[in-house]
Amino acid sequence: METEVLRSTVLYEDEKHQFILLSHCEESVREGLVQTNQYLIVNEGRGILLDPGSVYSFPNVLASVSLHVDLDKIDVIFLSHQDPDVSSAVPVWLENTPAKVYVSKLWLRFVPHFGSMDMKRIVPVDDKGTYIQLPSGDRLRLIPSHFLHSIGNFTVFDERSGILFSGDIGASALPPDRHYVFVENFEEHLKFMEAFHRRYMVSNKACRLWVGIVKKLRPKMIAPQHGAIFRNDKVEKFLSWLEELECGVDIIEEIYGVKP
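Residues numbered from 1 in each chain as written. Predicted model: local features only at pLDDT ≥ 70, side-chain atom pairs only at ≥ 80, totals over all residues. Heavy atoms only, no water.

**Brief notes about the sheet that holds strand β4 (residues 46-50)**
Strand order in the open sheet made by the seven strands is β1-β2-β3-β4-β5-β6-β7, with mixed pairing throughout. In this open sheet, the two strands that pair with only one neighbour each are β1 (9-13) and β7 (122-125). Strand after strand, the sheet turns through a mean of 20° between neighbouring axes, direction not considered. Of the pairings in the sheet, the one linking strand β3 (residues 39-43) to β4 comprises five bridges and is antiparallel in character. Of the residues in β4, the one forming a bridge with Y39 is L50. (Pairing = 2+ DSSP bridges. Helix = DSSP H or I, 4+ residues; strand = E, 2+ residues; numbered from the N terminus. Axes fitted to C-alpha atoms, helices over the stretch in contact; angles between N-to-C directions.)

Quick look at the structure:
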């Protein structure tokens, strides 16, 4: 795949801190692959890469990252979970940066299957989550999001910007002719994300637990790994919708095609 025209979107910026949506890999949609979002946080000149993506998207993401920060200044790579669209490019990122990789302790023995890597640079995250200290003294909070959809799953709240990186939570499958960065019409947007959440999220109980944590943080944006970003009143609309969603084991008979 040829590297696309780079179209980064700065979601937050001040004199010390940026939160950036990197260029979208829209070509993957046309080729039948899932579209992914990658995000870069730059704090006092040091970089944190969130869900860097697959080997397929690596050239495009690498080119986009390089516009904002030198590769030798990327200190942290965060993986929300183990899926290949999230993490399969980790070996090449480790070859090109000095970063440490944060991932759930449950995936410590699985991630190396993507390729040879220095396991001393992999940081296992305990189920209850942790904080990552930034050069400015600000923090990223790694929030447990287990079973939404992965059994070992985390989301990231950037305390300085107020942006929550939500991984697959809030993900949408936008068709190539309907691509947009921010959700403007929530009710219309539902048709691009409802089926995914009903099938991939494990239960309403898990949804409610995560929503309860997130509401206390009052995020200004929720930025998922696929599709459009929630901001302003769409944040509350999305959280309220997810809080009431029946999914996974709640609708298991429907999934199996059997009567209760």
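**Thoughts on the packing of aromatic side chains**
In this structure the tally under the stated criterion is nine aromatic pairs. Ring centres of F196 and Y200 lie 4.5 Å apart, and the angle between their planes is 25°; this geometry places the pair in the stacked category. Of this pair, F196 and Y200 both sit in helix α6 (residues 194-200), four residues apart, roughly one helical turn. F196 gets classed as partly exposed once you look at its relative accessible area, which sits at 22%. By relative accessible area, which is 44% here, Y200 ends up partly exposed. Between F230 and F238 the ring centres are 4.6 Å apart and the planes differ by 20°, which places this aromatic pair in the stacked class. (Phe/Tyr/Trp six-rings, centres within 6.5 Å; stacked < 30°, edge-to-face > 60°. Buried < 20%, exposed > 50% of the residue type's maximum accessible area, 1.4 Å probe, protein only.)

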